[in-house]
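Take a look at the letters that make up each chain.
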Amino acid sequence: FCQPDLNPRISVPKEEIMKAVAGNVAAGNCQISLATEDMFVWRTDEAGLPFFVPNRAELIDLYRSIAGFPGVDQVTLSHSTIAPALVDPDLIEELSDILLDKSPIRLRSVSTHPEGRALAPLIGIETGSTRIAKRIMAGKALPFDIKDWPHIVLNGLEVLNKNNWFPVCTLIIGSPDETDDDSKATLDLIY
């Protein structure tokens, strides 16, 4: 299992990202995906924002530039967290407007996009137990309280799904000191 990255955040400048996009396109790669721990924390430091408040203007500008770059046919998403969907649901809608037509992912049975396109970032849900969540990932709920984790997950998924985002979600099974009640809370969340 991957461990959380506790290193300082680094936001690669847009100019460097776009050089990499140009290099990929020049080498024949028409699909771009930004490798990241969390797409929503990009350039929050530079804007003086807390890491849990997405820098909407910068993110929109970056993804619009990537999606509009000549030769880029597809854009996929990497890792993200779920709380930003509740912090800024309008950002999710704006990113959908930019990225859905470039997504190679089709989920016709659930997507409302005319071609069934969907976005599918990887989101670590990890647990439905607030006790375990508080111990291993209290910051993942910010700016909300981790005691509300199951509601954050469900409400965040509602915002994401409404905008044709159907994330691949991960869970951690067998955390140290995990009890039957913790496991049941995770099963309840899945249900």
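1. A look at the overall build of the protein chain
Move 1: The helix and strand tally for the protein chain stands at seven helices and five strands.
Move 2: What you see in the protein chain, going N to C, is helices and strands ordered as α-β-α-β-β-α-α-β-α-α-β-α.
Move 3: Overall, the protein chain is about 55 × 40 × 30 Å in size when its C-alpha atoms are taken along their principal axes.
Move 4: Burial statistics for the protein chain: of 191 residues in total, 40% are counted as buried.
Move 5: Pairs at least 24 apart in sequence give 73% of the contacts found in the protein chain among residues at least 6 apart.
Move 6: If you sum the accessible surface of the protein chain, you get close to 10,300 Å²; carbon and sulfur atoms cover 55% of it.
Move 7: Here the protein chain contributes 17 positive and 27 negative side-chain charges, whose respective centroids are spaced 2 Å apart.

2. Side note on the sheet that holds strand β4 (residues 122-126)
Move 1: Here we have three strands laid out as an open sheet, ordered β3-β4-β5, and parallel in their pairing. In this open sheet, the two edge strands, each paired with only one partner strand, are β3 (79-80) and β5 (168-171).
Move 2: In the sheet, β4 pairs with β5 via four bridges, with the strands oriented parallel. Following the sheet pairing, Glu126 is matched in β5 by Leu171.

3. Points about the pattern of salt bridges
Move 1: Evaluation of the coordinates by the stated rule reveals 12 salt bridges.
Move 2: Between Arg43 and Glu46 there is a salt bridge, with its nearest N and O atoms 3.9 Å apart.
Move 3: Taking relative accessible area as the criterion, Glu46 reaches 43% and is therefore assigned partly exposed.
Move 4: Taken together, the salt bridges that share partners define one network made up of Arg43, Glu46 and Glu58.

4. Things to note about the packing of helix α2 (residues 56-67) against helix α4 (residues 89-99)
Each pair of packed helices can be described by the angle between their axes along with the distance between the axes.
Move 1: The contact between α2 and α4 brings their axes to 9 Å, and the two run at 10°. With respect to α4, the axis of α2 lies roughly parallel. Taken together, the residues of α4 that come into contact with α2 (itself represented by Arg56, Leu59, Ile60, Tyr63, Arg64 and Ala67) are Asp90, Leu91, Glu94, Leu95, Ile98 and Leu99.
Move 2: In terms of residue class, the contact of α2 with α4 is made up of eight nonpolar, no polar and four charged.

5. Describing a nonpolar patch on the surface
Move 1: On the surface, Leu171, Ile173, Leu187 and Ile190 cluster together into a nonpolar patch covering about 420 Å² of accessible area.
Move 2: When you line up the elements, Leu171 lands in strand β5.

6. Here's the deal with the environment of Arg117
Move 1: Mapped onto the secondary structure, Arg117 falls in the loop between α4 and β4.
Move 2: Considered as a pair, Arg117 and Gly174 are 57 residues apart in the sequence and their alpha carbons are 35 Å apart.
Move 3: In contact with Arg117, other than residues within four places in its own chain, are Leu100, Asp101, Lys102, Ser103, Ile105, Arg106, Ser111 and Asn164.

7. Overview of α2
Move 1: Taking 1.5 Å per residue, 12 residues should reach 16 Å; α2 reaches 16 Å between its end C-alpha atoms and fits that length.
Move 2: Every buried residue of α2 is accounted for by Leu59, Ile60, Leu62, Tyr63, Ile66 and Ala67. Angularly, the buried residues of α2 cover 165° about the axis, an arc narrow enough to put them on a single face.
Move 3: Summarising the contacts, the buried residues of α2 are in contact with α1 (14-26), β1 (31-33), β2 (74-76) and α4.

Here is what the cut-offs are and how they apply
- Residues numbered from 1 in each chain as written.
- Predicted model: local features only at pLDDT ≥ 70, side-chain atom pairs only at ≥ 80, totals over all residues.
- Heavy atoms only, no water.
- Helix = DSSP H or I, 4+ residues; strand = E, 2+ residues; numbered from the N terminus.
- Buried < 20%, exposed > 50% of the residue type's maximum accessible area, 1.4 Å probe, protein only.
- Contact = heavy atoms within 4.5 Å.
- Areas by Shrake-Rupley, 256 points an atom, 1.4 Å probe, with all protein chains shown as cover.
- Lys, Arg positive; Asp, Glu negative; His and termini not counted.
- Charge placed at Lys NZ, Arg CZ, Asp CG, Glu CD.
- Pairing = 2+ DSSP bridges.
- Salt bridge = Lys/Arg side-chain N within 4 Å of Asp/Glu carboxyl O.
- Axes fitted to C-alpha atoms, helices over the stretch in contact; angles between N-to-C directions.
- Parallel < 35°, antiparallel > 145°, perpendicular 65-115°, else oblique.
- Nonpolar A, V, L, I, M, F, W, Y, C, P; charged D, E, K, R; others polar.
- Patch = residues over 30% accessible without salt bridge, like charges linked within 9 Å, V, L, I, M, F, W, Y side chains within 5 Å.
- Expected span 1.5 Å × (residues − 1).
- Arc of directions from axis to C-beta.

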